[in-house]
Amino acid sequence: GMPAPARDVRTVCLLPLSSGKDLSRALDYMCGALHRALQLMRVRTLLLSSGSLHEELDIALATFAPFGEIELSLHLAALESRHQLLLCRADPFPSDWTRRCLRNADLVLLVGLATDVDVDAAAAPAHGATTSSSSLDGGGGGGGGVLRE
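A quick note: this is a predicted structure, and the numbers were derived from the prediction, not measured.

Caption draft 1: The arrangement of the pattern of salt bridges in detail. Enumeration over the complete set of coordinates arrives at three salt bridges. Where Arg 89 meets Asp 28, a salt bridge forms, and the shortest distance between an N and an O atom there is 2.5 Å. Taken as a pair, Arg 89 in strand S3 (residues 85-89) and Asp 28 in helix H1 (residues 21-40) lie far apart in primary sequence, 61 residues in all. Assessed through its relative accessible area of 43%, Asp 28 is described here as partly exposed. In this structure, Asp 96 engages Arg 99 in a salt bridge whose closest nitrogen and oxygen atoms are separated by 3.0 Å.

Pasting the structure below:
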């Protein structure tokens, strides 16, 4: 069978590198396909975006109280405990949700269209948030191309 996913990767951030409609549609498709594939592999997976999270919180809360930082953290921790993998789709712009996705992620996947001319420019600030260019190891350390913090 398939090897089990690494135990230490529980939360994956999908970070779009632009806010274009084409990338958004491609990401919709990719997230859906990834979610279905993981479910077929019997991996309990939850796909979260800022929109779906607001819906979840509204349902969880009804109209009792505004959700604060602590409640949000507890809610996300509870979701993580019930699933093997959380796929968190970040917003295509800086936001509280995007920062939370990056902060909580065990793995960050930068997502862009190969046809986008500005992918390099868009990736620069995103890379700066997680690593510096000097930590890209393309050399013979056995893990060639692995991002190291």
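Caption draft 2: Focus on unusual backbone geometry. Residues other than glycine seldom take positive phi values, yet Arg 42 does so here, at roughly 65°. For Arg 42, the location among the structural elements is in the loop between H1 and strand S2 (45-49).

Caption draft 3: The sheet that holds strand S1 (residues 11-16), seen in detail. The parallel open sheet is built from four strands, whose spatial order is S2-S3-S1-S4. The open sheet is flanked by S2 and strand S4 (107-111), the only strands paired with a single partner. The mean angle between the axes of side-by-side strands here comes to 20°, regardless of whether they run parallel or antiparallel. Relative to S3, H1 is tilted by about 175°, and along the sheet it contacts S1, S2, S3 and S4. With respect to the sheet, helix H4 (residues 96-104) is in contact with S1, S2, S3 and S4, its orientation differing from that of S1 by roughly 135°.

Thresholds, definitions, all that
Residues numbered from 1 in each chain as written. Predicted model: local features only at pLDDT ≥ 70, side-chain atom pairs only at ≥ 80, totals over all residues. Heavy atoms only, no water. Salt bridge = Lys/Arg side-chain N within 4 Å of Asp/Glu carboxyl O. Helix = DSSP H or I, 4+ residues; strand = E, 2+ residues; numbered from the N terminus. Buried < 20%, exposed > 50% of the residue type's maximum accessible area, 1.4 Å probe, protein only. Pairing = 2+ DSSP bridges. Axes fitted to C-alpha atoms, helices over the stretch in contact; angles between N-to-C directions. Contact = heavy atoms within 4.5 Å.

Everything listed here is a matter of geometry and, on its own, says nothing about what the molecule does.
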